[in-house]
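# A structural walkthrough
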Amino acid sequence: MKKKKHWYDYLWIVSVIYLTLGFFNILFAWLGLICFFIPLCISVLKGNKLYCNRYCGRGQLFELLGKKFSRKKDIPHFLKTNWFRYGFFTFFMMMFLNMLFTTYIVFAGTKSLDEVVTLLWSLKLPWHFANRVAGVKPWAIQFAFGFYSVMLTSTVLGLVTMVLFKPRSWCVYCPMGTMTQGICKLKHKNKAM
Amino acid sequence: MEKRRFANINQKYCVACGSCMKVCPKSAIKIPKGIFANVDKTLCIGCGLCAKACPASVITMQWKEEEYEKKETLV
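Report follows, based on the coordinates.

Rules used throughout
Residues numbered from 1 in each chain as written. Chains lettered and ligands numbered in written order. Predicted model: local features only at pLDDT ≥ 70, side-chain atom pairs only at ≥ 80, totals over all residues. Heavy atoms only, no water. Contact = heavy atoms within 4.5 Å. Buried area = accessible area lost by both parts, 1.4 Å probe. Salt bridge = Lys/Arg side-chain N within 4 Å of Asp/Glu carboxyl O. Axes fitted to C-alpha atoms, helices over the stretch in contact; angles between N-to-C directions. Helix = DSSP H or I, 4+ residues; strand = E, 2+ residues; numbered from the N terminus. Parallel < 35°, antiparallel > 145°, perpendicular 65-115°, else oblique. Left-handed = near helix turned anticlockwise from the far one by under 90°. Nonpolar A, V, L, I, M, F, W, Y, C, P; charged D, E, K, R; others polar. Core = buried A, V, L, I, M, F, W, Y, C linked by side-chain atoms within 4.5 Å. Buried < 20%, exposed > 50% of the residue type's maximum accessible area, 1.4 Å probe, protein only. Patch = residues over 30% accessible without salt bridge, like charges linked within 9 Å, V, L, I, M, F, W, Y side chains within 5 Å. Areas by Shrake-Rupley, 256 points an atom, 1.4 Å probe, with all protein chains shown as cover. Polar contact = N/O pair within 3.5 Å; in protein donor to acceptor, adjacent residues only side chain to side chain. Pairing = 2+ DSSP bridges. 1 Å grid on protein atoms, 1.4 Å probe; cavity = no way out; pocket = protein on both sides within 12 Å on 5 of 7 lines; lining within 4 Å. Points joined across faces, edges and corners; volume = space filled by probe spheres on them.

This next bit is on the interface of chain A and chain B. Put simply, an interface is often sized by how much accessible area is lost when its parts join up. Listed per partner, the contact involves 26 residues of chain A and 28 residues of chain B. Taking both sides of the interface into account, the surface hidden between chain A and chain B amounts to around 2,300 Å²; carbon and sulfur atoms contribute 54%. Put simply, chain A and chain B have one salt bridge between them. Its salt-bridge partner being Glu63 of chain A, residue Lys22 of chain B comes within 4.0 Å of it at the nearest N-O pair.

With that settled, the discussion passes to the packing of helix 1 (residues 12-24) of chain A against helix 6 (residues 138-164) of chain A. Residue and element names in this part refer to chain A. Viewed as axis vectors pointing N to C, helix 1 and helix 6 meet at an angle of 130°, and their least axial separation amounts to 11 Å. One element, helix 1, and the other, helix 6, form an angle in the oblique class. Considering how the two elements wind past one another, helix 1 and helix 6 form a crossing that is left-handed. Listed contacts from helix 6 to Tyr18, Leu19, Gly22 and Phe23 of helix 1 are Phe147, Tyr148, Met151, Leu152 and Thr155. When the residues that make up the contact of helix 1 with helix 6 are grouped by side-chain class, the tally is seven nonpolar, two polar and no charged.

Inside soluble globular proteins, nonpolar side chains tend to come together where they are buried. The biggest cluster of nonpolar side chains holds 33 residues, and the ones touching the most others in it are Ile26, Trp127, Phe147 and Tyr148 of chain A. The element best represented in this core is helix 6 of chain A, accounting for 11 residues. Residues Ile75 and Val172 of chain A together with Ile35 and Ala37 of chain B belong to the second largest nonpolar core, which totals 30 residues.

Right, let's talk about a nonpolar patch on the surface for a bit. All names here are of chain A. Together, Phe28, Leu31, Ile34 and Ile38 line one region of the surface with nonpolar side chains, adding up to about 340 Å² of accessible area. Examined against the element boundaries, Ile38 turns out to sit in helix 2 (residues 34-46). Take Ile38: its relative accessible area is 37%, and that puts it in the partly exposed class.

As a further point, take the side chain of Thr81 of chain A. Looking at the element boundaries, Thr81 of chain A is found in the loop between helix 4 (57-69) and helix 5 (82-108). A distance of 2.7 Å separates a polar atom in the side chain of Thr81 of chain A from the backbone oxygen of Phe78 of chain A.

Successive side chains on a regular strand alternate, one facing one side of the sheet and the next facing the other. Residue and element names in this part refer to chain A. Here four bridges tie strand 1 (residues 116-119) to strand 2 (residues 123-126), and the two strands are oriented antiparallel to one another. In the sheet register, Val116 faces strand 2, and the bridge partner there is Pro126. The turn joining strand 1 and strand 2, which pair antiparallel and follow one another in sequence, is formed by three residues; a positive phi near 55° is taken by Leu120.

Right, let's talk about the environment of Val15 of chain B for a bit. Considering the arrangement of structural elements, one finds Val15 of chain B in the loop between strand 1 (2-9) and helix 1 (19-23). By relative accessible area, Val15 of chain B is classed as buried at 3%.

What follows concerns the layout of surface pockets. Residues and elements named next belong to chain A. Counted as a void, the largest pocket has a volume near 1,400 Å³. It is helix 4 that contributes the most residues to the lining of the largest pocket, five residues altogether. Counted by class, the lining of the largest pocket contains 14 nonpolar, seven polar and 13 charged residues. Taken as a whole, the second largest pocket encloses approximately 730 Å³ of empty space. Lining the second largest pocket are 38 residues, and of these Ser15, Cys35, Tyr51, Gly57 and Met151 lie nearest its centre. Of all the elements in the fold, those that place two or more residues in the lining of the second largest pocket are helix 1, helix 2, helix 3 (50-55), helix 4, helix 5, helix 6, helix 7 (170-173) and helix 8 (175-187).

Structure representation (structure tokens):
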């Protein structure tokens, strides 16, 4: 029995467009903030994970690609433990803060603009070709490079676990998913489950 | 008494991603509070699609003897 498709079932296209635009103009990376704020707002205001459940384009993309490229094996147990999930979330947030700090030092004029995309927090890929617009403040461009690095890194990690395990394995340790689930837990803490 | 198969979720490790909810042909799975998924056992037909889709592999199919009215709900 096939389920009726809705407009939000096609949000994977937005994810593909977003990742592609980063190759042409890095400033489009700013749009990725939407994927940070919408799930946060939903979990804080509504107390659920509707973003993950319905609107996450990245999850849909993994689901789609996974149909062909996933081994569909069980994910190792340690990846779903709270220790790993919250540990990875902490690490991810620390790297995010580091990126914000880099943006700040470029803003303060202490450091010059670094036109690289850092993959997996260590691999610096030259990305100068995507810095095309003149007259934009260096800190705004630096943030875009940093944010695109975060998005590309998570996509690569998601693709690797998609191939090795089940299509949406990224969802198991996705920092946004962990954070929104944590918010929901706090929000419903005092209510009967 | 009749033996029925239905999905059972290990809520301790459920990440509430919604993969199961999406594939369920009977909309028997809900994640009302964003913490873990719940199966409505009166709607579940035991097809196992949710267990196949779950990225955390926390859904198992179980057989249980239960008293229930046989409905023509199988797909």
